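# Secondary and tertiary structure notes
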Amino acid sequence: MSSKNSTPSHDHDAVIKPSREFSKNSRIPSMAAYKRLYQESIDKPATFWAREAAELDWHKKWTKVLDWKPPFAKWFVGGKLNVCENCVDRHAAGPRRNKAAIIWEGEPGDKQVITYGQLQREVCRFANVLENKGVKAGDRVLIYLPMIPEAAYAMLACARIGAAHNVVFGGFAAEAIADRLEDSGATTIITADGGWRRGKVVPLKPVVDLALESYQNVNHVIVVNRCHTDTPMTSDRDSWWHDDIKGVSTRHKARAFDSEQPLFLLYTSGSTGKPKGILHTSGGYLTGTHSSFKYIFDIREQDVYWCTADIGWITGHSYIVYGPLANGATQVMYEGAPNFPDFGRFWKIVEDHGVSIFYTAPTAIRAFIRAGDQFPDAYDLSSLRLLGSVGEPINPQAWNWYHRKIGGGKCPIVDTWWQTETGAIMISPMPGATPCKPGTATHPFFGIDAAILDDSGNECKAGEDGRLVIRKPWPSMLRSIYGDKKRYETTYWSDYPGLYTAGDGARRDKQGNFWIIGRLDDVLNVSGHRLGTAEIESALVSHPAVAEAAVIGRPDDLKGQAVSAFVILKAGNKESPELRETLRKHVAKVIGAIAKPDDLYFSPGLPKTRSGKIMRRLLKELVATGTISGNVTTLEDFSVIDHLKNQLSRPS
Ligand code: WTA
């Protein structure tokens, strides 16, 4: 089992309790209150979840809370709702009409405040545009946009008309888009000419054009003019967003959809080469995101919430779009980089907009620590009352700095463990109740029956490492892998039949806190982003010079894990620094810059077992320590290790 940061055992660690002031005003003000509600939610999940679902607007009430034929779940069976109405119309129709839904800031400094009333008009108008183009309920729409308000409008408009969106992170390359189009069968794309990142335009539409050279079933490409760049348009296929909305009504009557209507697909990396299209549906997903956002961020009418994730990831779906908007929250949305024009940008945004709840990733916190305290010190962060962390285990050093420097020692930190597949937060402190220790996500959310099992399926004792599982279905769980029920069953439900395996290693301490150790499969977590080693390997071998490749994660202070690649060249190719650079760039071209190997070593062979399996364990140990101390008796060719040791002692 690998550990990215310091391995926790921490029964003796200092415990940080929420202040009396914070607890007094929060929904769950004590551990006793948490335990009471948690017990009820586990003993009578249908009662608990029905009560949570009833906080949403339904056109038709469900007849049954859960239909569970393992591993296939249906939630709120027979119920009908419109997800977009729940996030927009019900607020626009009441006292929140002129409340800010989104306070948006572009990287160059342009700003927009979008009220719930305006959000309704924008979303309705764009829903009409999509329908005018023939997009129907059940269709798939690919969204490849920067962090601009149109991203939220596009997602909500799809939800409104019952089309499933597939948001692709703007850092992914053309082949990744083409693969997703192919797998999802999307026929409409919403993109922009580009987006701003570190003072430069990152082109998006040209990447879509490249993807469409290999996939030709797309009828419409709608393009937001974000950066006023010179963008070639294909006349019968491409149109500008601003032209499409001209003269189109800002009213749109929302239809009710079945609770199990697909809401979105989001592709994520697994241990094989092909990314999985995680399928989420409507009623259960919205119940889970609404409920978890309400309790875990303890949202109040006057809060200004800011999640720094990108909408291309699940965090952007659940905790920028659906969770906060379903709760009628005010939130900040920011387009650009944390260090533009300098590392003070985030703190300036906090001060300018009076952000009270701030949700970010440990990798960002580590980058801020490295940049220096002068940046946060220059701003007034006293509006903050609650902080959150997501994406990877937060190392105690980062936790303490975040608590002290950003939170002024007074803000609870919710370290939230969850996944693309779980849809919503599964393990997290309750900010007004849970005593925290830096590095643990603490206790399961309501209705979440989390446990840690050993290889034979027995529950681990305190302090023992095991596999993290969820023993009961929950409303925001994935319903399947798009188009591949078999893979859904084998990936998540076959380690322990009937139980969901998360793929993470974990342990509990004596107080029952969950400490997440990291992935157990061949999935890397680079700066909080999931990347499959097999995906990067297959990108490498798609280059004509490469015969074979192995990719592993190496511990990295900033990113959590860095990508180390080992490459065997085909005969006739010579190792050279130029070729190394070409291969690194090739991976960026095939998958995206986030997957570019940090180190790349050439090797005449790879350490393999006699049955031909690459021994990644040895490669990991080699890059982490420079040597091998473990058992190598199963190795097929010992000379490979010596060669690699020599390579590693030279800079890559
Ligand atoms: C890791 C992101 C420790 C974990 C929401 C998980 C975490 C994977 C935490 C999912 C956390 C996420 N502590 N590890 N608080 N949050 N992870 O699908 O390995 O992008 O399986 O979802 O990130 O990544 P994904």
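Not measured: the values here are computed from a predicted model. (Residues numbered from 1 in each chain as written. Predicted model: local features only at pLDDT ≥ 70, side-chain atom pairs only at ≥ 80, totals over all residues. Heavy atoms only, no water.)

### Let's talk about the nonpolar core
The cut-off we apply is this: Definition used in this section: a nonpolar core is a set of buried Ala, Val, Leu, Ile, Met, Phe, Trp, Tyr and Cys residues joined via side-chain atoms within 4.5 Å. Buried means the residue's accessible area, taken with a 1.4 Å probe over protein chains only, is under 20% of the maximum for its type, while exposed means over 50%, and partly exposed covers the values in between. Helix and strand definitions follow DSSP, with helices as H or I runs of at least four residues and strands as E runs of at least two, each counted in order from the N terminus. Residues count as neighbours in contact if any of their non-hydrogen atoms are within 4.5 Å of one another.
Core analysis: the largest hydrophobic core is formed by 163 residues, its most contacted members being Leu 119 and Tyr 322. Of all the elements, helix H6 (residues 149–161) adds the most residues to this core, at ten residues. Contact partners of Leu 119, with chain neighbours within four places excluded, come to Val 88, Ala 101, Ile 102, Ile 114, Tyr 153, Leu 156 and Leu 325. Counting residues in each nonpolar core, the second largest holds 27 residues, with Phe 358, Phe 368, Trp 401 and Tyr 402 among its members.

### Overview of the pattern of salt bridges
The cut-off we apply is this: Think of a salt bridge as a Lys or Arg side-chain nitrogen and an Asp or Glu carboxyl oxygen that are within 4 Å of each other.
Counted by the stated rule, this structure contains 47 salt bridges. For the salt bridge of Arg 96 with Glu 301, the shortest nitrogen-to-oxygen distance reads 2.8 Å. With Arg 96 in the loop between helix H4 (83–92) and strand S4 (100–105) and Glu 301 in the loop between helix H10 (283–296) and strand S16 (304–307), this residue pair connects regions lying 205 residues apart in the sequence.

### Some words on the site of the ligand
The criterion, for reference: Residues are classed as near a molecule or strand on a simple rule: at least one heavy atom within 4 Å of it. Nitrogen and oxygen atoms within 3.5 Å of one another constitute a polar contact, given that in protein one can donate a hydrogen and the other can accept it, and given that sequence-neighbouring residues count only through two side-chain atoms. Here the accessible surface of atoms and residues is derived via Shrake-Rupley with a 1.4 Å probe, and residues count as covered only by protein chains that are part of the display. Charged residues are taken to be Asp, Glu, Lys and Arg, nonpolar residues to be Ala, Val, Leu, Ile, Met, Phe, Trp, Tyr, Cys and Pro, and polar residues to be all remaining types, Gly included.
Taken together, 17 residues form the shell around the ligand, and within it Asp 415, Thr 416, Thr 420, Asp 504 and Arg 530 come nearest. One of the backbone N or O atoms of Thr 416 is found 2.7 Å from a nitrogen atom in the ligand. Expressed as a share of its isolated accessible area of 530 Å², the protein-covered part of the ligand is 97%. At the level of elements, helix H11 (314–326), strand S20 (413–416) and strand S25 (514–519) are the ones that each hand at least two residues to the shell around the ligand. Across the shell around the ligand, the residue classes tally to six nonpolar, six polar and five charged.

### A short note on the environment of Gln 120
Tracing the backbone shows Gln 120 in helix H5 (residues 116–132). Between the C-alpha atoms of Gln 120 and Pro 412, which are 292 residues apart in sequence, the distance is 34 Å.

### A look at the sheet that holds strand S11 (residues 220–224)
So the rule is basically this: The criterion for strand pairing is that DSSP finds at least two bridges linking the strands in question.
Sheet architecture is open: eight strands sit in the order S12-S11-S8-S6-S7-S14-S15-S23, paired in mixed fashion. Where the open sheet ends on each side, the last strands, each with one partner, are strand S12 (238–240) and strand S23 (480–481). Of the strand pairs in this sheet, strand S6 (residues 140–144) and strand S8 (residues 188–192) are connected by four bridges, and their pairing is parallel. Opposite Tyr 144, over in S8, you have Thr 191 as the bridge partner.

### With respect to the sheet that holds strand S21 (residues 450–453)
As a reminder, the rule being used: To obtain an axis, a line is fitted to C-alpha atoms, over the contacting stretch when the element is a helix, and the angle between two such axes runs from 0 to 180 degrees between their N-to-C directions.
Ordered by their spatial adjacency, four strands build an open sheet running S21-S22-S24-S25, and the pairing between neighbours is antiparallel. Of all strands in the sheet, those with a lone pairing partner are S21 and S25, marking the two edges. When the angles between neighbouring strand axes are averaged without regard to direction, this sheet yields 45 degrees. Note: strand S24 (residues 500–508) against S25, five bridges, orientation antiparallel. Pairing of Ala 506 across the sheet is with Ile 516, part of S25.

### Some remarks on the domain arrangement of the protein chain
Where we set the bar: For the domain bounds, the source is a domain assignment made automatically or taken from a database. Computed with a 1.4 Å rolling probe, the buried area is the accessible surface lost when two parts are put together, summed over both parts.
The domain boundaries assigned to the protein chain delineate domain 1 (20–82 + 280–462), domain 2 (83–255) and domain 3 (526–648). Taking only C-alpha atoms, the centre of domain 1 and the centre of domain 2 are 26 Å apart. The interface of domain 1 with domain 2 comprises 40 residues on the first partner and 43 residues on the second. A combined buried area of about 3800 Å² lies between domain 1 and domain 2, and 54% of that area is made up of carbon and sulfur atoms. A per-residue breakdown of the area domain 1 buries against domain 2 is headed by Asn 82, Met 333 and Glu 335, which together make up 25% of the total. Run the count over domain 1 and domain 2 and you get 33 residue pairs in polar contact (both at pLDDT 80 or more). When residues of the side of domain 1 that touches domain 2 are traced back to their parent elements, those giving at least two are H10, H11, strand S17 (330–334) and helix H12 (345–353). For the side of domain 1 that touches domain 2, the leading source of residues is H11, giving seven residues. For the side of domain 1 that touches domain 2, the class distribution of residues is 20 nonpolar, 13 polar and seven charged.

### Topic: the packing of aromatic side chains
Heads up, the condition is: Here a Phe, Tyr or Trp ring, Trp counted by its six-membered ring, pairs with any other such ring whose centre lies within 6.5 Å, and the pair is stacked when the planes are under 30 degrees apart, edge-to-face when over 60, and tilted otherwise.
Going through the model one piece at a time under the given rule, you end up with 46 aromatic pairs. With a centroid separation of 5.0 Å and 90 degrees between ring planes, the pair formed by Tyr 319 and Trp 418 is classed as edge-to-face. In this pair, Tyr 319 sits in helix H11 while Trp 418 sits in the loop between S20 and S21, placing the two residues 99 residues apart along the sequence. For the residue pair Tyr 319 and Trp 418, the accessibility class agrees, reading buried in each case.

### Some details on H12
Those residues of H12 that sit buried are Arg 345, Phe 346, Trp 347, Ile 349, Val 350 and His 353. Phi turns positive, to about 60 degrees, at Gly 354, one or two residues after H12.

### Re the state of the cysteines
Between two cysteines, a covalent bond joining their sulfur atoms is known as a disulfide. Operational definition: Criterion for a disulfide: a pair of cysteine sulfur atoms within 2.5 Å.
Here the structure, examined in full by the defined rule, presents zero disulfides. We note that Cys 87 lacks a disulfide partner, and the nearest cysteine sulfur, in Cys 84, lies 6.9 Å from it. You can see Cys 436 has no disulfide; the closest cysteine sulfur is in Cys 411, sitting 12 Å from it. Under the relative-accessibility criterion, Cys 436 is labelled buried at 7%.

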